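# Commentary on secondary and tertiary structure
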Amino acid sequence: MDKHKQATMLWLLNILVLSSSNFQVGVGASDHRYKMEDEVPLYANKVGPFQNPSETYRYFDLPFCLPDHLTEKREALGEVLNGDRMVDARYKLKFQVDKASELLCKKKLTKEDLAKFREAVKNDYYFQMYYDDLPIWGFIGKIENENKGEQKEHRYLLYRHLQFTILYNNDRVIEIGVQTDPQYTVDITDDNEIDVEFTYSVKWAQTDIPFERRMDKYAKSSFLPQHLEIHWFSIINSCVTVLLLTGFLATILMRILKNDFIKYSRDEESMDDQEETGWKYIHGDVFRYPSHKSLFSAVLGSGTQLLALAMFIFTLALVGVFYPYNRGALYTALVIIYALTSGIAGYVSASFYSQLEGENWLRNLLLTGCIFCGPLFLTFCFLNTVAIAYNATAALPFGTIVVILLIWTLITAPLLVLGGIAGNNSKTEFQAPCRTTKYPREIPPLPWYRKAVPQMAMAGFLPFSAIYIELYYIFASVWGHKIYTIYSILFIVFIILIIVTAFITIALTYFQLAAEDHEWWWRSVLCGGSTGLFVFGYCFYYYFARSDMTGFMQVSFFFGYMACICYGFFLLLGTVGFHSSLLFVRHIYRSIKCE
């Protein structure tokens, strides 16, 4: 990597918080106060290729200078899920104590050590540390190209000196940065054993920045003027989409409905002389229960739970829980809130299954519990196995897996069952304005564009276009080194996504009924959830065109977890699509006389 590109990447690392390392519930900024020469905790966290955010390894997997006693920091659930593995570092950065070229250690680099460092430099490895809960990053080394005749030779240089610059305000640490000195490098191109002296310097300086604002620099990138303009352009784009779609429904759909109501409200005698056509013709079939009632109810239950989970997460984000230095909080919140909202899934699924006159509610409840968690668990097992094979920090320890299983066993499953019992005992009847005939009518032949797949493509395109611009920033945060903090804009985009999904599903449901196709139940779910398929398609574009991710592990993690996220979106938006269509269908059939 050339010097300019590496400098740019180092600036990114030191200005932007790794989005995957942002959060930890219950742990705010370090509020420690220090006196002169007090020990300030410095933890070495991990190393990894810059372009592969999921592929990280323990700091001392590389042959750095080990401390006398290797002590691991106790970490919260969210930190472990995030892949953090913090240990005490050998560096001694005492409060307000400057150091110039302090010896860290003398180390003999063997052939194996040189090979490890050389591979790290080749793959642009960076290191991450935490000093008083402030993140710091730097690169391991650099590659220099030498021209020898017509051939280019690569020289691998390892940085052996770190310069720490620390700002303080009275008795608190405010900011820290680390730089590597190109004059202090060692050539590790060859396999010859060498003795290396690793050194570091510390420079303290006073600042007027108050302690409460010490994390502001990590969130600045989200509020840069050019970024805000793009975000607002995304909002305007989404709003225009909503207005156009609303206008379409108001002018076209409502006009058609008005004409339909006038036609269907004629005297009964005049109706006898005409053959019924359109959506009124199928009034005896439109409320016929769908096939696979148990699966259908499970989809609605799980989708409702995921919608509740999203709303709770947005609420926490808007009140300021997920700030940059709050490591692991997002992951912890997702696990805990998902467990606590499982009762919603059980209640909605069992209640709707009971309305559909289902009999085996226990099987329905089991299906509800597994319809999202099942694929997620299988994906996790595969990816955790890959991480173990790579010896990466993404591999969860056995104890953490046991904790997650206990949460599922002691919280998720009982609440799911309790919600299912309450839903099954609610004895709510399905509200159908029209009686259902004994035998279903035959659906007339339909043109190809009225089939399920073309309708799903039409239904998913508009909602996807409303969130397309914002998707890049989300992907760059989750699968890159940027941070996303403008949760208010993200929440507006999410609400717009819900509205557009509801509107487009209603429109397509009407045209389906007008074509005398009464099997709209599953179609509304598929059309509503099709945006999740568009987002998964965007994953391929982002991976190949917008990122530099490489390697089997990173590919597995990216597409594996994105498949689960997109599947969750499918369930969530499919539920929105069905409920909005159900309200619409009930309304139009309640407005006419159905015999």
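It should be noted that the structure appears before, not after, this text.
This write-up is about the structure you can find in this document. (Residues numbered from 1 in each chain as written. Predicted model: local features only at pLDDT ≥ 70, side-chain atom pairs only at ≥ 80, totals over all residues. Heavy atoms only, no water.)

## A few points about unusual backbone geometry
Under the convention used in this document: Segments assigned H or I by DSSP are reported as helices when at least four residues long, segments assigned E as strands when at least two residues long, and all are numbered from the N terminus.
The backbone of Asp124 sits at a positive phi, close to 55 degrees, despite the residue not being glycine. Assignment of secondary structure puts Asp124 in the loop between α3 (111-122) and β5 (125-131).

## Details of the pattern of salt bridges
Selection rule: The salt bridge definition used is simple: a Lys or Arg side-chain nitrogen within 4 Å of an Asp or Glu carboxyl oxygen. Burial status follows relative accessibility: with a 1.4 Å probe on protein chains alone, a residue under 20% of its type maximum counts as buried, one over 50% as exposed, and anything between as partly exposed.
Enumeration over the complete set of coordinates arrives at 14 salt bridges. Of the charged contacts in the structure, one is a salt bridge between Arg155 and Asp187, with a shortest N-O distance of 3.2 Å. Taken together, the positions of Arg155 in strand β8 (residues 151-159) and Asp187 in strand β11 (residues 185-187) put the pair 32 residues apart, joining distant regions of the chain. Here Asp187 falls in the partly exposed class, since its relative accessible area comes to 34%. For Arg441, the salt bridge identified is with Asp285, shortest N-O distance 3.6 Å. Highlighted residues: Arg441 in the loop between α12 (398-424) and α13 (452-478) and Asp285 in the loop between α6 (268-272) and α7 (293-318), separated in sequence by 156 residues. Assessed through its relative accessible area of 0%, Asp285 is described here as buried. One salt-bridge network, in which partners are shared between bridges, spans Lys142, Glu144, Arg155 and Asp187.

## Some details on the packing of helix α11 (residues 373-390) against helix α16 (residues 552-590)
Basically, it comes down to this: Axis definition: a line fitted to C-alpha atoms, over the contacting stretch in the case of helices. Angles run 0 to 180 degrees between N-to-C directions. Oblique is the label for every angle not falling under 35 degrees (roughly parallel), over 145 degrees (roughly antiparallel), or within 65 to 115 degrees (roughly perpendicular). Note on convention: near helix rotated counterclockwise from far helix by under a right angle means a left-handed crossing. Clockwise means right-handed. By the convention used here, residues are in contact when the closest approach between their heavy atoms is within 4.5 Å. Residues are sorted three ways: Asp, Glu, Lys and Arg are charged, Ala, Val, Leu, Ile, Met, Phe, Trp, Tyr, Cys and Pro are nonpolar, and all the rest, Gly among them, are polar.
α16 packs onto α11 with a crossing angle of 165 degrees between their chain directions and a minimal axis gap of 10 Å. By the angle class used here, α11 and α16 are roughly antiparallel. Between α11 and α16 the crossing geometry is left-handed. When α11 is examined against α16, the residues Pro375, Leu376, Thr379, Phe380, Phe382, Leu383, Val386, Ala387 and Tyr390 are found in contact with a partner set consisting of Phe552, Met553, Ser556, Phe557, Gly560, Tyr561, Cys564 and Tyr567. Considering only residue class, the contact of α11 with α16 consists of 14 nonpolar, 3 polar and no charged.

## Here we look at the packing of aromatic side chains
Note the following rule: The rule is short: rings of Phe, Tyr and Trp, with Trp giving its six-membered ring, pair when the centres are within 6.5 Å, and they are stacked under 30 degrees, edge-to-face over 60, tilted in between.
Enumeration over the complete set of coordinates arrives at 53 aromatic pairs. Measuring from ring centre to ring centre gives 5.2 Å for Phe475 and Tyr542, while their planes differ by 55 degrees; the resulting arrangement is tilted. Linking Phe475 in helix α13 with Tyr542 in helix α15 (residues 521-546), this pair joins segments that are 67 residues apart in sequence. The exposure classification of Phe475 matches that of Tyr542, with both residues buried.

## Topic: α13
Short version of the rule: Helix span, as expected, comes to 1.5 Å for every residue beyond the first. The term bend refers to the angle at a residue between two fitted axes, each drawn through seven residues, those ending there and those starting there.
Look at α13: only 32 Å from first C-alpha to last across 27 residues, short of the 39 Å you get at 1.5 Å a residue. Largest kink in α13: about 55 degrees, centred on Tyr468.

## Notes on a nonpolar patch on the surface
Stated precisely, the cut-off is as follows: Distance thresholds for patches are 9 Å for like charges and 5 Å for nonpolar side chains (Val, Leu, Ile, Met, Phe, Trp, Tyr), applied to residues having over 30% relative accessible area and no salt bridge. For every accessible area listed, the method is Shrake-Rupley and the probe measures 1.4 Å; residues are considered covered only by the protein chains on display.
A cluster of nonpolar side chains, Phe398, Val402, Leu406 and Leu410, forms an exposed patch at the surface whose accessible area comes to about 430 Å². Within the secondary structure, Val402 is located in helix α12.

## Focus on the state of the cysteines
Worth spelling out the cut-off: Defined by distance alone, a disulfide is two cysteine sulfur atoms within 2.5 Å.
Across all of its chains, the model carries 1 disulfide by this definition. One disulfide bridge connects Cys65 with Cys105, the sulfur atoms lying 1.8 Å from each other. Between Cys65 and Cys105, the S-S dihedral sits near -55 degrees, and the bridge is therefore left-handed. Highlighted residues: Cys65 in the loop between β2 (57-58) and α2 (77-82) and Cys105 in strand β4 (residues 99-109), separated in sequence by 40 residues. The class for Cys65 is buried, based on a relative accessible area of 6%. Cysteine Cys373 shares no disulfide, and the gap to the nearest cysteine sulfur, in Cys370, comes to 7.6 Å. Accessibility expressed as a relative area gives 15% for Cys373, which makes it buried. Of all cysteine sulfurs, the one in Cys539 lies closest to Cys566, which takes part in no disulfide; the gap is 4.4 Å.

## Some details on the environment of Met456
Along the chain, the position of Met456 falls in helix α13. Overall, Met456 belongs to the buried group, its relative accessible area being 13%. As a C-alpha pair, Met456 and Thr505 span 49 residues in sequence and 9.4 Å in three-dimensional space.

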